[in-house]
Amino acid sequence: MNVRPNIVLVHGAWADGSSWSAVIEHLQADGYKVTAPQFPESSLAADVARLREVLARQDGPTVAVGHSYGGQMITALGTDAPNVVGLVYVAGFGLDEGESIGALLAQGPYGPALAHLDVDPQGFAWIPEDDFVNHFAADVDPVKARVMYAVQQPLHWSALGEVMGVPAWKSLPSWFQVADGDQAIPPDAQRQFAARMGATTIEVPTNHVAMVSHPDEVLNLITAAAETVQDRELGARP
């Protein structure tokens, strides 16, 4: 019987499920069941509802991995995340109760990756190509970065004002990868998130999309989390 936990990979804003491709390939080769769904990013409620549907489909203990705004999604699962036994944040938002992304970003000027967001008439924010290639995915090969730009999933502006309830990391073990050159989410904010959740933390010399530019380091963190929760699950069995 395969006792390894399932892995659910949650993409962030201005990315999609394909951003996890390199990580998925290696996790599958190591025998993990992996799911990397697409999210509408039309509201936090809609995204979390979609995530809950995916988690409910898992056949056992699951590690939820969130990048960027995907960290907001896994945090917003609260105290009753279906099948989830561990959380991994990849340069992700790990807010506490009562906080919002907008309030955090308002503490200083937006980073270069988000400095010129283009909000369309429906309220979805897009990153212009130059900012995407040169700042959002700055350490990704430019050819690949332009492909990522073409498939970016815009975030509805209202998501920035969503206030966090009781965060899932209060009741689940957490791991955190800080991107020390991030031009979207300030690295110091990431360090603050990781410290207050008591997360097992690594720092990677990378910009915002580490799962694309540094997949090996992200893979190792996810694997470490999966092995830890697997050992705990086995130890808890009679």
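See the structure above.
Read on for an overview of the structure. Keep in mind that this is a model prediction, so the values were computed, not measured.

## Observations concerning the overall build of the protein
The helix and strand tally for the protein stands at 9 helices and 9 strands. A globule of 238 residues ought to have a C-alpha radius of gyration of about 18 Å, and the protein, at 17 Å, matches this closely. With respect to the principal axes defined by its C-alpha atoms, the protein has extents near 55 × 40 × 30 Å. Considering the protein as a whole, with its 238 residues, one finds that 54% of them fall into the buried category. Partitioning the intrachain contacts of the protein with sequence separation of at least 6 by distance along the chain shows that 72% fall at a separation of at least 24. When the accessible area of the protein is evaluated, it comes to approximately 9,800 Å², of which 52% is carbon and sulfur surface.

## Description of the packing of aromatic side chains
Here the structure, examined in full by the defined rule, presents 5 aromatic pairs. With a centroid separation of 5.9 Å and 70 degrees between ring planes, the pair formed by F132 and Y149 is classed as edge-to-face. Of this pair, F132 sits in helix 5 (residues 129–136) while Y149 sits in helix 6 (residues 142–150), placing them 17 residues apart in sequence. One aromatic cluster is present, formed by W14, F132, F136 and Y149 through successive ring pairs. Lying over the aromatic face of Y32, R4 brings its terminal NZ or CZ to 4.9 Å of the ring centre.

## So, the sheet that holds strand 6 (residues 124–126)
Reading across from one edge, 5-6-7 is the order of the 3 strands in this open sheet, with antiparallel pairing throughout. Either end of the sheet is taken by a strand with one partner, and the two such strands are strand 5 (118–119) and strand 7 (155–156). As paired strands, strand 6 and strand 7 are joined by 2 bridges and run antiparallel to one another. Bridged to A125 within strand 7 is L155.

## Brief notes about the side chain of N207
Looking at the element boundaries, N207 is found in the loop between strand 9 (200–204) and helix 8 (210–213). When its relative accessible area of 3% is taken as the criterion, N207 is described as buried. There is a polar contact of 3.3 Å between the side chain of N207 and the backbone oxygen of F136. Those residues in contact with N207, other than ones at most four positions away along the chain, are H135, F136, A137, A138, D139, A179, G181, D182 and Q183.

## Details of the sheet that holds strand 2 (residues 34–35)
Within a sheet, each strand pairs with its neighbour through backbone hydrogen bonds, oriented either parallel or antiparallel. With respect to topology, 6 strands assemble into an open sheet ordered 2-1-3-4-8-9, the strand pairing being parallel. Only two strands of the sheet have a single neighbouring strand rather than two, namely strand 2 and strand 9. Relative to strand 4 (residues 84–90), strand 3 (residues 62–67) runs parallel, the two being bridged by 6 bridges. Each residue of the ladder has a partner; that of V63, found in strand 4, is G86.

## Some words on the environment of E53
By the element assignment, E53 lies in helix 2 (residues 44–56). For E53, a relative accessible area of 47% corresponds to the partly exposed category.

About the thresholds
- Starting from 1, residues in each chain are numbered consecutively following that chain's sequence as written.
- Confidence filtering applies because this is a predicted model: local features only for residues at pLDDT of at least 70, side-chain atom pairs given and counted only at 80 or more, and all residues used for totals across whole chains, interfaces and linings.
- No hydrogens and no water enter the side-chain calculation; it runs on all heavy atoms of the structure.
- Note on conventions: DSSP H or I runs of at least 4 residues are helices, E runs of at least 2 residues are strands, and numbering of each starts at the N terminus.
- For a compact globule the rule gives 2.2 Å times the number of residues to the power 0.38, and the radius of gyration it is set against comes from C-alpha atoms.
- Exposure is judged per residue with a 1.4 Å probe applied to protein chains only, and the accessible area is read against the type maximum: over 50% gives exposed, under 20% gives buried, and values in between give partly exposed.
- Residue contacts are counted whenever heavy atoms from the two residues lie within 4.5 Å of one another.
- Computed with a 1.4 Å probe, the accessible areas rest on the Shrake-Rupley method; for each residue, only the protein chains presented here act as cover.
- Note on ring pairs: Phe, Tyr and Trp rings are taken, using the six-membered ring of Trp, and paired if centres are within 6.5 Å. Classes follow the plane angle, with under 30 degrees stacked, over 60 edge-to-face and the rest tilted.
- Look at NZ for Lys and CZ for Arg. If either is within 6 Å of the ring centre and within 35 degrees of the ring normal, a charge sits over the ring.
- Pairing between strands is defined by DSSP: at least two bridges between them are needed.
- Pairs of N or O atoms within 3.5 Å make up the polar contacts considered here, provided that, within protein, one atom can donate a hydrogen while the other can accept it, and that residues adjacent in sequence are counted only when both atoms are side-chain atoms.

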